[in-house]
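Here's the letter readout for the chains.
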Amino acid sequence: MKKMFWSWDHSTNWCLHAIGAQNCGVANEYAKYPELFEMDYKRVVDFCAEHGIDAVGIVGMLRDKHGGIESARRLCDYARKKGVIIYMIAGLYAYGGIYYEGDSKWCLDNFFKKNPECMGINEDGTPFYAHYKGKHGYKVQPQGCPTNKLLNEYVLESLDWVFREIPELGGIQMESGDNGVCKCPSCQARRSASENEYLSVADMAGVYPDATNTILRVAPDALIICETYSHFLDEACKFFDSKEPNQDLEKLFQMPESVYWQWKCDVQLRDDSWPVGAPMLESMKKFNHVMRAHSGTQWWGAGRASFAVERIRRQCMLSYESGLQAVSMFGENAPFHTNAEFNYLAMTYFADHPHASTEDYIKDVMAPRLGGEELGAMYYEMAPLIETDMDAIPQAVSKIASATAHIKDYDTLRRWQYLASFLNGYYWEEKQTVASKAAVDSDKIGDE
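All figures in this text were calculated on a predicted structure; none of them were measured in a lab. (Residues numbered from 1 in each chain as written. Predicted model: local features only at pLDDT ≥ 70, side-chain atom pairs only at ≥ 80, totals over all residues. Heavy atoms only, no water.)

Participant: Before we go on, may I ask you to explain the side chain of Gln173 in this structure?
Facilitator: When you line up the elements, Gln173 lands in strand E6 (residues 171-175). Its relative accessible area of 0% is what places Gln173 among the buried residues. Among the polar contacts made by the side chain of Gln173, one reaches the side chain of Trp6 at a distance of 3.2 Å. Setting aside anything within four residues of it in sequence, one finds Gln173 in contact with Trp6, Tyr87, Met88, Ile89, Ala90, Ile225, Glu227 and Gln262. (Helix = DSSP H or I, 4+ residues; strand = E, 2+ residues; numbered from the N terminus. Buried < 20%, exposed > 50% of the residue type's maximum accessible area, 1.4 Å probe, protein only. Polar contact = N/O pair within 3.5 Å; in protein donor to acceptor, adjacent residues only side chain to side chain. Contact = heavy atoms within 4.5 Å.)

Participant: Help me understand helix H10 (residues 338-352) in this model?
Facilitator: For an α-helix, 3.6 residues make a turn, and residues three or four places apart therefore share a direction. Compared with the 21 Å implied by 1.5 Å per residue over 15 residues, the 21 Å span of H10 between its first and last C-alpha is a close match. Of all 15 residues in H10, 14 are buried; the element is thus mostly enclosed. (Expected span 1.5 Å × (residues − 1).)

Participant: Would you explain the pairing of strand E10 (residues 326-330) in this entry?
Facilitator: Walk down a regular strand and you will see the side chains alternate between the two sheet faces. Across the 5 residues that make up E10, a large majority, 5, are buried. Where strand E1 (residues 2-8) and E10 come together, 5 bridges link them in parallel fashion. Opposite Lys3, over in E10, you have Val327 as the bridge partner. Taken together, the 3 bridges between strand E9 (residues 288-292) and E10 define a ladder with parallel strand orientation. (Pairing = 2+ DSSP bridges.)

Participant: What is the right way to read the nonpolar core from this model?
Facilitator: In a soluble, globular protein the nonpolar side chains are often hidden away together inside. With 135 residues, the main nonpolar core has Phe5, Met61, Leu62, Trp261 and Trp263 as its most contacted residues. For this core, the leading source of residues is helix H6 (residues 201-218), giving 10 residues. If you look at the next biggest cluster of nonpolar residues, it comprises 19 residues, including Met4, Ala94, Tyr260 and Phe330. (Core = buried A, V, L, I, M, F, W, Y, C linked by side-chain atoms within 4.5 Å.)

Participant: Can you walk me through the packing of helix H9 (residues 309-321) against H10 in this structure?
Facilitator: Axes are the key here: two packed helices are described by the angle between their axes and the distance separating the axes. For the pair H9 and H10, interaxial distance at closest approach is 9 Å and the crossing angle is 25 degrees. As judged from the angle between their axes, H9 and H10 are roughly parallel. Crossing handedness for the pair H9 and H10: right-handed. Residue-level contacts link Val309, Ile312, Arg313 and Cys316 of H9 to Phe342, Asn343, Ala346, Met347, Phe350 and Ala351 of H10. Across the contact of H9 with H10, the residue classes break down as 8 nonpolar, 1 polar and 1 charged. (Axes fitted to C-alpha atoms, helices over the stretch in contact; angles between N-to-C directions. Parallel < 35°, antiparallel > 145°, perpendicular 65-115°, else oblique. Left-handed = near helix turned anticlockwise from the far one by under 90°. Nonpolar A, V, L, I, M, F, W, Y, C, P; charged D, E, K, R; others polar.)

Participant: Please clarify how unusual backbone geometry should be interpreted in this entry.
Facilitator: Residues apart from glycine generally show negative phi values, whereas peptide bonds are mostly found in trans. The backbone phi angle of Tyr95 is positive, close to 55 degrees, even though this residue is not glycine. Position of Tyr95 among the secondary structure elements: in the loop between strand E3 (85-91) and helix H3 (108-114). Classification of Tyr95 as buried rests on a relative accessible area of 12%. Positive phi, close to 65 degrees, is recorded for Tyr229, a residue that is not glycine.

Participant: Would you mind showing me how to read the sheet that holds E3 here?
Facilitator: Two orientations exist for strands paired in a sheet by backbone hydrogen bonds: parallel and antiparallel. Read once around its circumference, the closed barrel built from 8 strands follows the order E1-E2-E3-E6-E7-E8-E9-E10, with strand pairing classed as parallel. Each strand axis lies, on average, 25 degrees off the axis of its neighbour in the sheet, ignoring direction. Examined bridge by bridge, E1 and strand E2 (residues 55-59) share 5 bridges and lie parallel to one another. Considered in E2, the bridge of Trp6 is made with Gly57.

Participant: I keep staring at the pairing of E6 and nothing clicks. Help me out?
Facilitator: By the criterion of burial, E6 is predominantly enclosed, with 5 of the 5 residues buried. Here E6 shows two buried faces, one formed by Gly171, Gln173 and Glu175 and the other by Ile172 and Met174. The sheet contact formed by E3 and E6 spans 5 bridges and is parallel. Its bridge partner lying in E6, Gly91 is registered against Glu175. One ladder, built from 4 bridges, connects E6 with strand E7 (residues 223-227); its direction is parallel. Paired with Gly171 across the strands is Leu223, a residue of E7.

Participant: Explain the packing of helix H1 (residues 35-51) against helix H2 (residues 68-81) to me, please; I cannot follow it from the model alone.
Facilitator: Orientation of H1 relative to H2, taken along the N-to-C sense of each, is 15 degrees, at an axis distance of 10 Å. The pairing of H1 with H2 is recorded here as roughly parallel in orientation. Read as a crossing pair, H1 and H2 show a hand that is right-handed. Between H1 and H2, the residues in contact are Phe37, Glu38, Tyr41, Lys42, Val45 and Asp46 and Ser71, Arg74, Leu75, Tyr78 and Ala79, respectively.

Participant: Looking at this model, I keep getting lost on the environment of Asp266. Mind explaining?
Facilitator: Of note, Asp266 is situated in helix H8 (residues 266-271). For the pair Asp266 and Pro116, spaced 150 residues apart in sequence, the C-alpha separation works out to 36 Å. The contacts of Asp266, once residues within four sequence positions are left out, are Ala293, His294 and Trp300.

So this is what it looks like as structure tokens:
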């Protein structure tokens, strides 16, 4: 299966100790020095080229604060020469459009300022704004009406423009928006009564075919990924298998077979509700498919750079058994973070060997980087302690110190010292939290 990285420009930190680095967020400002954008992503590309990762997706790829068109062209050209595809991740009706942020006519926010009648509306008739919680409150961003003709013409023109302006661009992951849906009468009429009130498969089907045709006229070899925000087993996706397809679906089924549809599997991995071999929707089998997950990120589990090899193994195995052609994960953390390094290598390993076992991975990938098979197994056991047994961390750190005392190789020792620091950081924070709570409880008793 193909392997892909997903990322936001503002929280991809492959250059360490950079001023303005951020470790989370959606729709954040870009706070680093402009040149860090290219430096970060060139390191990502180098890692991908070395380890067989095919493509890197970037939200916020076009932003004035880190160089706009010129920096994007240089980065895409660098990647192409390394055999890696850079694709932009962009909302068509939301998330700023093709030019995420800046003084450009192809920034969707600027378009809405001049054409407010193209915005979506809420049920009460007020303009539809998405709200993104950030460190300084909420970023408020307009979202469009998918049945507005002027907006749709603009969207197609912006796609034509970007693939002409950046001929080095490898492709696009396009999204209709997952912040809610326009409630105007035209949009309501097109959607079925059973559709999710949060996102609309009908909206996707209404724009993805025309967008794909526009792109392929300019860039016939472009990687085109259509985001669904869902798992193909979800109730909302039964729309694709409608026995009486509407005009939107008919256009969708005529799309080129080279198109990728992107699904997500976090819920299914968490509650084990994705049966091995569950078939793709019959109507969608002609296309390619990529499965993404948020493993090892701030969005799931123990947080950013947490150890997620088992989840990634299951993602790859289940994707293969269901006939998918690609897998995707976040690639925002530098592989200096050893847990992230092993997560990335897990995707490359299990995508190529979907039936391999955890023991195979430890032997083939972890052991050579950690000082042997026994030590590889020890790392695998210790890394998840922040989720499974916080009280076992002091003993684990002591064991790391004694078990690795003989190691002379710098990179091997660095990986172990990273794990010890990672575990200690969570353990220290846990103890501080417990102590603070105890002090508060003691004050309450004193007041009584």
